[in-house]
Amino acid sequence: MKKLLFASAAVFAFGFANAQESSNGFSKGDMFVSGSLSIGSEKTGDFKESVFIVSPKMGYFVSENIAIGARLGYGTSKAESANVDVSDNTYFSVGAFGRYYFTPASQFSLFTELGFDTMSFENKLTNAKSKGVNAGLGLGMNYFVSNSFAIEAGWAGLTYTTDDNGGNGADKTNSFALDFDLSSINFGVLYKF
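My aim in this report is to walk through the structure given alongside it, one point at a time. Values in this document were obtained by computation on a predicted structure and should not be read as measured data.

1. Quick look at the pattern of salt bridges
Working step 1: Throughout the structure, instances matching the rule amount to six salt bridges.
Working step 2: Between Glu80 and Lys48 there is a salt bridge; the shortest N-O distance is 3.6 Å. Here Glu80 is found in strand β3 (residues 66-81), whereas its partner Lys48 is found in strand β2 (residues 47-61), with 32 residues between them in sequence.
Working step 3: Within this structure, Lys57, Arg71, Arg99, Glu113, Asp117 and Glu152 form a network of salt bridges that share partners.

Structural data, given as structure tokens:
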């Protein structure tokens, strides 16, 4: 375990030293990819649940400070109790986003992001389907550890979501949130090319 911690610290220190010697940040024409992957399972007695979510994101700098991009989302969740399916859900989303970077050419840069997504949900057990949209405004930051890799943190502060609950005359669910919960910050890695 000590060797693993020492090796991790050495890799981080090398990356940090390398970042200090090279030019970092973004400029017009740069492209980047980022995203998230979540895999999980939980079991309590006879109850089992599994979740899989993947959300890739790609952006392009149209000017020194502005990046635009697209993102996808796909997820499944399944639960069973005593070997009987309780839920089997699928989620899919397609969206676009725009970012304004305050200091894009720096190693450390803050940005604000405005995004819009269309979403669809399906419960395979009940054959229930619903569609929705999501719009959000958030804050984030990038810290370059090398010329191509950055650590990214984001916080969605203001969101609006609507869900048609299957349509066909069903009442829509609309939600608006202003989130000050700083424990909901997400972290990731960004690759610039």
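2. Here's the deal with the packing of aromatic side chains
Working step 1: A full pass over the atoms with the stated rule returns 12 aromatic pairs.
Working step 2: Look at Phe26 and Phe144: their rings are 5.1 Å apart centre to centre, the planes differ by 70°, and that puts the pair in the edge-to-face class. Linking Phe26 in the loop between α1 (2-21) and β1 (31-44) with Phe144 in strand β6 (residues 128-144), this pair joins segments that are 118 residues apart in sequence. Of the two residues examined, Phe26 and Phe144, each falls in the buried class.
Working step 3: An angle of 45° between the planes, with centres 5.2 Å apart, marks the rings of Phe61 and Tyr101 as tilted. Of this pair, Phe61 sits in strand β2 while Tyr101 sits in strand β4 (residues 84-101), and the two are 40 residues apart along the sequence. Across the pair, exposure class does not vary: Phe61 and Tyr101 are buried alike.

3. Brief notes about the environment of Lys48
Working step 1: Overall, Lys48 belongs to the partly exposed group, its relative accessible area being 35%.
Working step 2: The spatial distance from the C-alpha of Lys48 to the C-alpha of Val86 is 9.5 Å, given a sequence separation of 38 residues.
Working step 3: If near-sequence neighbours (up to four positions away) are discounted, Lys48 is found in contact with Glu42, Lys43, Lys78, Ala79, Glu80 and Asn83.

4. Quick notes on the nonpolar core
Working step 1: With 10 residues, the main nonpolar core is built from Phe26, Phe32, Phe61, Ala67, Phe97, Tyr101, Phe111, Phe144, Ala150 and Leu190.
Working step 2: When sequence neighbours within four positions are dropped, the list of residues in contact with Leu190 reads Phe26, Phe32, Val33, Ser34, Arg99, Asn142, Ser148, Phe149, Ala150 and Glu152.

5. Some remarks on the pairing of β4
Within a regular strand, side chains alternate between the sheet's two faces.
Working step 1: Judged from the 16 bridges that link them, β3 and β4 form a sheet pairing that is antiparallel. Among the inter-strand pairings, Thr76 is bridged to a residue of β4, identified as Thr90.
Working step 2: If you look at the hairpin formed by β3 and β4, you'll find two residues sitting between the two strands, and Ala82 has a positive phi there, around 55°.
Working step 3: Where β4 lies against strand β5 (residues 108-123), 13 bridges are found, and the strand directions are antiparallel.

How each quantity is defined
Residues numbered from 1 in each chain as written. Predicted model: local features only at pLDDT ≥ 70, side-chain atom pairs only at ≥ 80, totals over all residues. Heavy atoms only, no water. Salt bridge = Lys/Arg side-chain N within 4 Å of Asp/Glu carboxyl O. Helix = DSSP H or I, 4+ residues; strand = E, 2+ residues; numbered from the N terminus. Phe/Tyr/Trp six-rings, centres within 6.5 Å; stacked < 30°, edge-to-face > 60°. Buried < 20%, exposed > 50% of the residue type's maximum accessible area, 1.4 Å probe, protein only. Contact = heavy atoms within 4.5 Å. Core = buried A, V, L, I, M, F, W, Y, C linked by side-chain atoms within 4.5 Å. Pairing = 2+ DSSP bridges.

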